[in-house]
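# What the coordinates show
Spelled out, the chains give:
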Amino acid sequence: MKSILIFFIFNLFFLKAYANTTILFLGDSLSEGQGVDESESFPRLVERNLRAHKFDVNIVNGGVSGATSASGESRLKWHMKTKLDLIVLELGANDGLRGLKIPETEKNLKLIIKLAKTKKIKVLLLGLLMPPNYGKKYTNDFEKMYQTISSQEKIPLLPFILKDVAGKAQFNQADGIHPNVQGHELVAKRVTEFVEKNL
Amino acid sequence: MSFIKFFIRDFKSDKSFNWFMILCASLGIVGLLLVESFKGGVEDKVSKNAKNFIASDLSVSARRSLDPKEIELLEKYLSNKKLNFARWTETYSLVSKSNSEQPISKLADLNFVSTEFPYFGGVLLENDGFKGSGQWSNLHQYPQAWVSRDLAWELGVKNGDQLKIGELEFVIGGIITEDKFSSFRGFNLAPKIFLSYNFLKQTELIKFGSTATYAYAIKLSPLDDVKKIQNELRLLLPDKTIKILGPEESSQQISRSLNLLSDYLALITLMTYLLSLVGLYYFTQHFLSKKLKTFSIYKSLGLKMTFLFRVSFLHLIILTASAVTFSTLLVLGALPFLESFFTNLVGETLLFRLQWASLFRILFLSLGGTLLALGPLFWGALQTPVATIFQDLPAELKRIKFYFFLPLVLYIILLAIILANSFKVGGYFLGSLAIIILLAALCFRGMTWLLEKFSKKLNFINRYAALTISRYFTSSFTIFICLLIGMTLTTFIFQLDHSLRREFTQTSGDKRPDLFMFDLQDSQAEGFVELQKKQNWHQTLFAPMIRGRLLKINEELTQKRAGPSEGEFSTREDQNSEQMRNRGVNLSYRSTLSWSEKIVEGHFNGQKCDPTKNPCEISLEEMYAKRMGVKIGDKLVFDISGLSISGVVTSLRKVKWISFEPNFFILFQPGVLEDAPKTFLASFKVKSIQEKREVFTKVAESFPNVSLLDISELVRKITNVFDLMAMAIKFISLLSLFVALVVLIAVSFNHLDLRKKEMALYFMLGLKLKRIRSIYTREFSFLIIMCILLSLLFGSALTVVLMKLIFDSEAILRLPFVSSFLISLGLILYIIVYFRVRFLVKSKSLF
């Protein structure tokens, strides 16, 4: 009887310590995988990569096409109805593409991070850049915004998730903005390394 | 006697027939020529409007810069073909007023154009008038910007002020109040600025990673074949990310409405021609009945049937060619007047043109139809036995077999397919007409049987009229069919015209929105509704939008299935359908349908549902349902931000595609999606520019994250085209109705003329004029009443079926109006019979 009890307690401890980790990708069309199959979107590929690296993770793809940072807080509240261990925040691109004011985007992203922190959920920030046609000042300010948030909120930042993908026709769909299947693979590789390092 | 000599003598002996036949055939041919020239004019106008959208005849564009090899291939091709082109690069950027203490930055749609731009269309500048082709030189002299009025207002700038665009300062050289061009992205996320391509490099906006549309606007010569050049360019630039678009493809709405108009015109051309053929057929039958004895005499003199047939054949060819010549001269003479009339009417210059190709087509069409429709009549008449000479009463054409007309039937089928350029349009129309004729024949047989059976119970006049119909079965049936087809087509034209015009225009005032707002957050919705109420803005739609992904249809996973990879699909539709299955979709919920939606199958449930008790109901847009292979009763499961939500499809909706309202493929019953993360969409109709500005300002102040799109310009451009099309449909319908009216009157005249000896005989036998007139008017009344009833039924059924099958739209029946029209037509025919009988009896033509 005693041995059974010890075995049960051991198992309980073991399960708690190594139970699978739920990661929410709170993002926009990039996370949603607009134009590609959901199974080929980079969050799903990150899940595949992490599992291949023996991480027991469960990824929730919270990507919504066209989403701006303003929607992040309410969407996070919805997702927080289930247990979350980590949030990978990928928002802001649509704010930039629509020319919205950068302080407004920054404020929204910080609100999301603060909400996560209140629930003791770790946040990883995925940075984006604006295309050069948006003008030097705007693109610089936009890039700095992620760095500022990262340093102020003390959260890890991957500066540009579309590095080596953006601007290259072979990795993008006809719209020139959204990655194709090959593009998502490259993004996933980079994001996997980033998540793995911070998991 | 030689063939020619005999022919000339015979030809001269039929003077009245010759004149009547030329006139009757001309009626249809004039209709065809007018339809052709009008069609050409309208298509030309629509096409020019569409050319304004892309500023050229053809555009080659891509959302990436073309590589040097592609540029070389394209420019070499254009140079070999001696085609001019303009460069046009469209990109978005933040622009701000220079030398301002607190510069406001606004997103703008920048259009860098080369000196050749535009070939078509232009912009209207405040204080500087319209700038069309060849009038843009000022823009290229120094860094100058032509800025849209909305943006100038938002930035607080005016002519002469400076704007910082990228790394270069531009002077505002013009404020645009109206522009004819569309955006390569379908709609404008931001107001436009036009700039010279010469200064693009200095702005430093276009470099690695920039997002822009790089386009070549190509000017073709009038003799160039757009489709051929498109195909050749496609072979040169096979990458699908490069779009090679003609004017019609530049707008989905225009493309669809042009197809609709083209189908309609094909149908109406065919109908006008068939109507004239009906008149011609009946008239020739009348003529031949009178000529039967002549043919018998020729035969008794030893002339062979083939010889006589050749004579008749040549006769018909000459008459038809004369009719075409006469009609062409008449129409060519009338076109300048028509042009000026319509230009005044619509306020736009319309050029009616008749191409040689159209003329030859109509000549060929008329000859083919005449010979195949009338040839069998002549052939049948020539088989009349010699003994007919000794008959007292006029002989009837009884030797015509139905299979004589099989070539005609095949010809009409072929014609329908050629004219409509579609098996579908031609096939459905003719198929429906064949069914109508069959049903009409059955009804007529039934009616004569009933009249015979109950004739004994009728008074003298009615009995005699009833028995005449059954005794002269062939001739009565012919006129019955002619009247019925004429009236059915009249009913059809009226109702089709009305239904199609409703497709292009609004019914209860123009509800199309001017502004479209998106990305309003859930937490902002209440505040926004309050603001909208306070400001009294006319909101046409306010809808929640939830993003989801379809996971399962009836428990079967919808995600990418094993099968062909991209480029291996057999058709584009298959590929689209597969891609649709794999993509995210926007869902919504609401308790009532919008004005632009209509349930076409099942029932819409706007009541709140309780997902714990029953599965919630879903309404799908019918084309989406078709592409996804979903039908009523199917269970769908969606992934909504990680949660599975299911529902059952209970209705299919049709969305009015010219409403410009934002619509959703999937609508849930209220009660299930309310808690899901969502944003809101809204659309507004504004009364004035001031109100539009007010909406922009207040929304920007209170909801800075929200995006507002001004779609009024786009809506206006496209609705101009629709208005023109609606007018085209109305005019051509009236033209066709005129042909129908004349044919019906001519048919009635001829039918009475056939019976004039009979009338004279009654008169000689002592029947008073009043009685004789009563017999014929009563006989006609039977036929007319039956035709009116049946044509209302058949014409309406034809409208409903063809609107659904060809135009994929709903028919709007105008039964009270059409009934009144047909009754008036019946009265006119009655009056004609009334007076014609009097005239014929008085003519004492017994001998």
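So, how was this worked out
Residues numbered from 1 in each chain as written. Chains lettered and ligands numbered in written order. Predicted model: local features only at pLDDT ≥ 70, side-chain atom pairs only at ≥ 80, totals over all residues. Helix = DSSP H or I, 4+ residues; strand = E, 2+ residues; numbered from the N terminus. Buried ≥ 20, exposed ≤ 12 C-beta atoms within 10 Å, placed from the backbone. Contact = placed C-beta atoms within 7 Å. Expected span 1.5 Å × (residues − 1). Arc of directions from axis to C-beta. Pairing = 2+ DSSP bridges. Axes fitted to C-alpha atoms, helices over the stretch in contact; angles between N-to-C directions. pLDDT = per-residue confidence, 0-100.

Of the regular secondary structure elements, chain A holds eight helices and five strands. Taken over 199 residues, chain A has a buried fraction of 49%. A sequence separation of at least 24 residues applies to 73% of the contacts in chain A between residues at least 6 apart.

Now for helix H7 (residues 136-153) of chain A. Given a rise of 1.5 Å per residue, 18 residues ought to cover 26 Å, and the 26 Å separating the end C-alpha atoms of H7 of chain A matches this to within 8%. Along H7 of chain A, the positions that sit buried rather than exposed are Tyr138, Phe142, Met145, Tyr146 and Ile149 of chain A. End-on view of H7 of chain A: buried residues confined to an arc of 90 degrees, all on one side of the axis. In H7 of chain A, the exposed positions angled more than 90 degrees off the buried face are occupied by Asn140, Lys144 and Ser151 of chain A. On its buried face, H7 of chain A sits against helix H5 (93-97), helix H6 (102-118), strand S4 (122-126) and strand S5 (157-158) of chain A together with strand S2 (84-97) and strand S3 (105-113) of chain B. Within two residues after H7 of chain A, Lys154 of chain A carries a phi angle of roughly 55 degrees, on the positive side.

The subject of this paragraph is the sheet that holds strand S2 (residues 57-63) of chain A. Residues and elements named next belong to chain A. Taken in spatial order, the five strands line up as S2-S1-S3-S4-S5 in an open sheet, and their pairing is parallel. Of all the strands in the sheet, just S2 and S5 have a single pairing partner and so form its edges. Taken together, the two bridges between S4 and S5 define a ladder with parallel strand orientation. Bridging from a neighbouring strand, Leu126 pairs with Leu158 of S5. Together, strand S1 (21-27) and S2 form the strand contacts of helix H4 (residues 72-79), whose direction differs from that of S1 by roughly 155 degrees.

Taken residue by residue, chain A gives an average pLDDT of 88. The fraction at 70 or more is 90%. The low-confidence segment residues 4-19 of chain A (pLDDT under 50) makes one contact with residues lying over four places distant or belonging to another chain.

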